[in-house]
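A look at the structure
Single-letter residue listing:
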Amino acid sequence: MKASNSILIIFILLICSCSPWKQLLVSKGGTNEAIENAITDFMNTCYLRNDDSIFSIRIYIDNKDILGVSIFGRNEYKHFPGSNDKIGSYSKGIPNKYMIVDGKLFYWKSDTLPHIITREMVDVLQKYNHIDSMNVDSFVAIPASGISEKKKGADYYFCKNNLKNYKKVVTNKAMGWYKQPKLDCDKK
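The structure presented is a predicted model; accordingly, all values stated were derived computationally and were not measured.

1. Looking at the state of the cysteines
For the structure shown, the criterion picks out one disulfide. Here C159 engages in a disulfide with C185; their sulfurs sit 2.0 Å apart. A torsion of -85° about the S-S bond marks the disulfide between C159 and C185 as left-handed. Here the residue C159 occupies a position in strand 5 (residues 153–159), and C185 occupies one in the segment after strand 6 (162–171), the gap between them amounting to 26 residues.

2. Some details on the environment of N165
Tracing the sequence through the fold places N165 in strand 6. A relative accessible area of 11% places N165 in the buried class. Through-space distance from the C-alpha of N165 to that of V26 is 10.0 Å; in sequence the pair is 139 residues apart. Among the polar contacts listed, one links the side chain of N165 to the backbone oxygen of D184, at a separation of 2.8 Å.

3. A few points about the confidence of the model for the protein chain
This prediction gives the protein chain a mean pLDDT of 79; 70% of its residues lie at or above 70. In the model, residues 13–17 has pLDDT below 50 throughout and makes zero contacts with residues more than four positions away in sequence or in other chains. For the stretch residues 139–146, pLDDT sits under 50, and the model shows 25 contacts to residues farther than four places along the chain or on other chains.

4. Some points on the pattern of salt bridges
Going through the model one piece at a time under the given rule, you end up with four salt bridges. A salt bridge links K64 to D65, with the shortest nitrogen-to-oxygen separation between them at 3.5 Å. The partner of R119 in a salt bridge is D123, and the shortest N-O contact between them spans 3.7 Å. With R119 and D123 both in helix 3 (residues 119–127) and four residues apart, the pair spans about one turn of that helix.

5. Focus on the side chain of D52
Looking at the secondary structure, you find D52 in the loop between helix 2 (31–45) and strand 1 (54–61). A distance of 2.9 Å separates polar atoms of two side chains, one belonging to D52 and the other to K151.

6. Remarks on the side chain of D155
Within the element layout of this structure, D155 appears in strand 5. A polar contact is formed between the side chain of D155 and the side chain of S70, at a distance of 2.7 Å. If near-sequence neighbours (up to four positions away) are discounted, D155 is found in contact with V69, S70, K167, K168, V169, T171, K173, A174, M175 and Y178.

7. Description of the packing of aromatic side chains
On inspection of all chains with the given rule, the structure shows seven aromatic pairs. With a centroid separation of 5.9 Å and an interplanar angle of 90°, the aromatic rings of F42 and F106 are classed as edge-to-face. In this pair, F42 is assigned in helix 2 and F106 in strand 4 (residues 104–108), connecting sequence segments 64 residues apart. Here the two residues F42 and F106 agree in accessibility, since each one is buried. Site record: aromatic cluster; members linked through ring pairs are F42, F55 and F106. The ring centre of F72 lies 5.9 Å from the NZ or CZ of K151, which sits over that ring.

Analysis parameters
Residues numbered from 1 in each chain as written. Predicted model: local features only at pLDDT ≥ 70, side-chain atom pairs only at ≥ 80, totals over all residues. Heavy atoms only, no water. Disulfide = S-S within 2.5 Å. Helix = DSSP H or I, 4+ residues; strand = E, 2+ residues; numbered from the N terminus. Buried < 20%, exposed > 50% of the residue type's maximum accessible area, 1.4 Å probe, protein only. Polar contact = N/O pair within 3.5 Å; in protein donor to acceptor, adjacent residues only side chain to side chain. pLDDT = per-residue confidence, 0-100. Contact = heavy atoms within 4.5 Å. Salt bridge = Lys/Arg side-chain N within 4 Å of Asp/Glu carboxyl O. Phe/Tyr/Trp six-rings, centres within 6.5 Å; stacked < 30°, edge-to-face > 60°. Lys NZ or Arg CZ within 6 Å of the ring centre and 35° of its normal.

Shown next, in the form of C-alpha cells:
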C-alpha cells in the first residue's frame, strides 16, 4: 500500500511540475505563430530575457521543413529619422509587428508585404525610447554603432509541420554561422 501511495505522490508532483506556459504553444500556423511560440519560450526559459527590455526578431527560412527565428536584445539600438520613410509609406527595413510581454518589447518585420510604417509602431518605439526623433513623421532604421560581438541571442528552429517541435540555441553567433541543431520534423 505504501508503494502505491509513493507512486501516486510522484505522479501528482510530475503533473504539477509541468510548465503551464507550454500550454500556450501552438502546433499549427505560420511565421507569426512560430514567433509567438519563440517569445513564450524565451520569456519562460531563457536567462537573456533579463538582459534587455527591447528585443528584435529576425526570421530565417532555412528550408522547406525548418523555420528559424532569432531573438536579440536591442537596448543599445535606436531608430533614427530619415527623409524617405514616413508614416504610411512602404518600407522593407522598418519593423511592422510587435508584442509586449511582461513590459518587454519584441518587434519584427512580418512576412507579408507590403510593409507600411504605422503611427502605432512609431508610438510603441517612442514609448520604449527606441526612436531618436523629434519628428516621428519621418522615420528610418539605422543601428547604433558599438554592438558587442560577445552579446548573445536566442535562435529557435521550428518544424513547420509542428511548431511545438523546436530547438533553441543561445549563442553570440548569427544563425547560419554555426552548425544547426538536428530536428526530426517527420515525427508527429
